[in-house]
Amino acid sequence: MKRVGGIAALLLAAASLAACSAPAPAPAPSAEQPAPTITAQPGTGSNTAPPEETAEPEVATCENLLPETLITQFEEMGWSYQQSQLFGVDAPLPDSVQCTWGDYESHSSEAVQIYAWSPIDEATATAMQDALVTQGWTREVDGDVVYITAGDRSAVVDENGYGMTYKFVEGSVTYADTKQGLVLVQWPR
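Note that residues are indexed from 1 along each chain, following the sequence as it is written. With pLDDT at 70 or above as the cut-off, local features in this predicted model cover only qualifying residues; side-chain atom pairs require 80 or more to be listed or tallied, and sums for whole chains, interfaces and linings still use all residues. With hydrogens and water excluded, all non-hydrogen atoms of the structure serve as input to the side-chain values.

**What about unusual backbone geometry?**
Operational definition: Counting from the N terminus, the helices are the DSSP runs of H or I reaching at least four residues and the strands are the DSSP runs of E reaching at least two. Only protein chains enter the accessibility calculation, which uses a 1.4 Å probe; a residue is then buried when its area is under 20% of its type maximum, exposed when over 50%, and partly exposed in between.
Backbone geometry places Asp 95, a non-glycine residue, at a positive phi of 65°. One can find Asp 95 in the loop between strand S1 (80–84) and strand S2 (97–102). Since its relative accessible area comes to 64%, Asp 95 is described here as exposed.

**Some details on the state of the cysteines**
What counts, and what does not: The term disulfide is used for any two cysteine sulfur atoms that are within 2.5 Å.
Throughout the structure, instances matching the rule amount to 1 disulfide. The disulfide partner of Cys 62 is Cys 99, and the S-S distance across this bridge is 2.1 Å. Every disulfide takes its handedness from the sign of the S-S torsion; for Cys 62 and Cys 99 that torsion is -105°, giving left-handed. In this pair, Cys 62 sits in the loop between helix H1 (2–21) and helix H2 (68–76) while Cys 99 sits in strand S2, placing the two residues 37 residues apart along the sequence.

**As for the sheet that holds strand S4 (residues 138–142)**
Counted only if it meets this: Strand pairing is assigned whenever DSSP detects at least two bridges linking the two strands. As a rule, the C-alpha atoms of each element are fitted with a line to give its axis, helices using only the stretch in contact, and angles between N-to-C directions run from 0 to 180 degrees.
Strands sit in the order S1-S2-S3-S7-S6-S5-S4 across an open sheet of 7 strands; the sheet is antiparallel. In this open sheet, the two edge strands, each paired with only one partner strand, are S1 and S4. Mean inter-strand twist for the sheet, computed between neighbouring axes without regard to direction, equals 15°. Relative to strand S6 (residues 165–169), strand S5 (residues 145–149) is paired through 4 bridges, and the arrangement is antiparallel.

Right, dumping it as structure tokens:
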């Protein structure tokens, strides 16, 4: 019996020690005492949003210069493209893209369609326009847009008699093998 009493006394003593060393439970919030508010400090904790990534600007390519439906039509006809740069006065224009679409696999047709776009500064645009006019191209102004066209001297012309045509607007130049073809170039987006 002494053993049972001794064991009970040991268990009681252990429970008392455990109670003394355990932290007291936090009091429940009352109407008089508001619950503590946890706020995250800027730059600390896991609630801060990561910095936004800066997206690289999209670059004009033969895959995105024209409407997807037109590219699909070309591909269904068996056409592919050759990508190069648009030529300026005496050198290719930097950051330009020129896409020459045609049937390069079968060589059954010499027909191609050309579309191009480039950023351009005012001085380069003026020099390019002057050089083309000197070569016999025609300059037409429509508000803020300048068209330089080879007109009916081109192998292919649209219903209005326009062949190869450049379209100059502030900051860019677009080119197509006909003036009507210029509306297909959808850049910048």
